[in-house]
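The primary structure of each chain is shown beneath.
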Amino acid sequence: AEALTRLETVSDQARQELAARDAAFETALAAAQNFYDADDHEQAADRIARARQLNSTSEDARDLEARVARLPEVLTAIGKAAVARIENDLEAEDRHLSTALSLDPARTELAERQTQIRTQLQESRFAAQIESGFSNVLSRKLGAARTNLKNARAIYSGRSEVGLLSRKIDALDQQLKFETLMAKAGS
């Protein structure tokens, strides 16, 4: 009976210690997540190391530990993207945001900014193709104008600018054919 009582006492103590360990693990994991969310690498690394000591088999802790390990690279890429934004270098900003998102895809605010940047870049490329196309029409460079039209259609096929450029190219084509026929007729 005495042995059974001691066994029950030891069992209760073990349950209490395991519960305390689990509570300490959850606290450390939550603290690590909070520091990670606040981009505090040093504190997050300290807390996740403590959590892993308390429960080395936890998948959540292992995943968070991997994200915390990548946090300096993520923060560096975000910093470079911020500098590129200040410098108004959209392509560099897009590149750095891609790096940050490849390391931490959960950063939705970065994904939203990247979508905005890519839209701006696409608009800019489209405008450049249209502008160059009209310039080539004025310079009577039919082949180059057609290339610009093809590139503009690849970006935004349904835009009114594409239709206008297409009509200008067709008119130039007709004019060049007419001039060629007139030159042949004259000779």
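Structure's up top.
In short, a report on the structure. (Residues numbered from 1 in each chain as written. Predicted model: local features only at pLDDT ≥ 70, side-chain atom pairs only at ≥ 80, totals over all residues. Heavy atoms only, no water.)

**Observations regarding the packing of aromatic side chains**
At step 1: By the definition in use, this model includes one aromatic pair.
At step 2: For the ring pair Phe-126 and Tyr-156, a centre distance of 5.3 Å and an interplane angle of 75° mean the geometry is edge-to-face. In this pair, Phe-126 sits in helix H5 (residues 108-138) while Tyr-156 sits in the loop between helix H6 (142-155) and helix H7 (160-186), placing the two residues 30 residues apart along the sequence. Note on accessibility: Phe-126 and Tyr-156 belong to one class, buried.
At step 3: The positively charged end of Arg-67 is found above the aromatic ring belonging to Tyr-36, 5.1 Å away from the centroid.
At step 4: Taking NZ or CZ as reference, Arg-159 lies 4.7 Å from the ring centre of Tyr-156, over its face. (Phe/Tyr/Trp six-rings, centres within 6.5 Å; stacked < 30°, edge-to-face > 60°. Helix = DSSP H or I, 4+ residues; strand = E, 2+ residues; numbered from the N terminus. Buried < 20%, exposed > 50% of the residue type's maximum accessible area, 1.4 Å probe, protein only. Lys NZ or Arg CZ within 6 Å of the ring centre and 35° of its normal.)

**Some remarks on the packing of helix H1 (residues 2-37) against helix H3 (residues 59-86)**
At step 1: Axis separation between H1 and H3 bottoms out at 11 Å; the angle between their running directions is 30°. Here H1 is positioned roughly parallel relative to H3, judged by the angle of their axes. Between H1 and H3 the crossing geometry is left-handed. Here Phe-25, Leu-29, Ala-32, Gln-33 and Tyr-36 of H1 lie close against H3, whose contacting residues are Asp-60, Ala-61, Leu-64, Arg-67, Val-68 and Leu-71.
At step 2: In terms of residue class, the contact of H1 with H3 is made up of eight nonpolar, one polar and two charged. (Axes fitted to C-alpha atoms, helices over the stretch in contact; angles between N-to-C directions. Parallel < 35°, antiparallel > 145°, perpendicular 65-115°, else oblique. Left-handed = near helix turned anticlockwise from the far one by under 90°. Contact = heavy atoms within 4.5 Å. Nonpolar A, V, L, I, M, F, W, Y, C, P; charged D, E, K, R; others polar.)

**Quick notes on the side chain of Arg-113**
At step 1: Residue placement: Arg-113 occurs in helix H5.
At step 2: Judged by its relative accessible area of 15%, Arg-113 is buried.
At step 3: Here the side chain of Arg-113 touches Glu-93 through a polar contact of 2.8 Å, side chain to side chain.
At step 4: Excluding anything up to four places from it in sequence, Arg-113 contacts Arg-85, Leu-90, Glu-93, Leu-97 and Gln-120. (Polar contact = N/O pair within 3.5 Å; in protein donor to acceptor, adjacent residues only side chain to side chain.)

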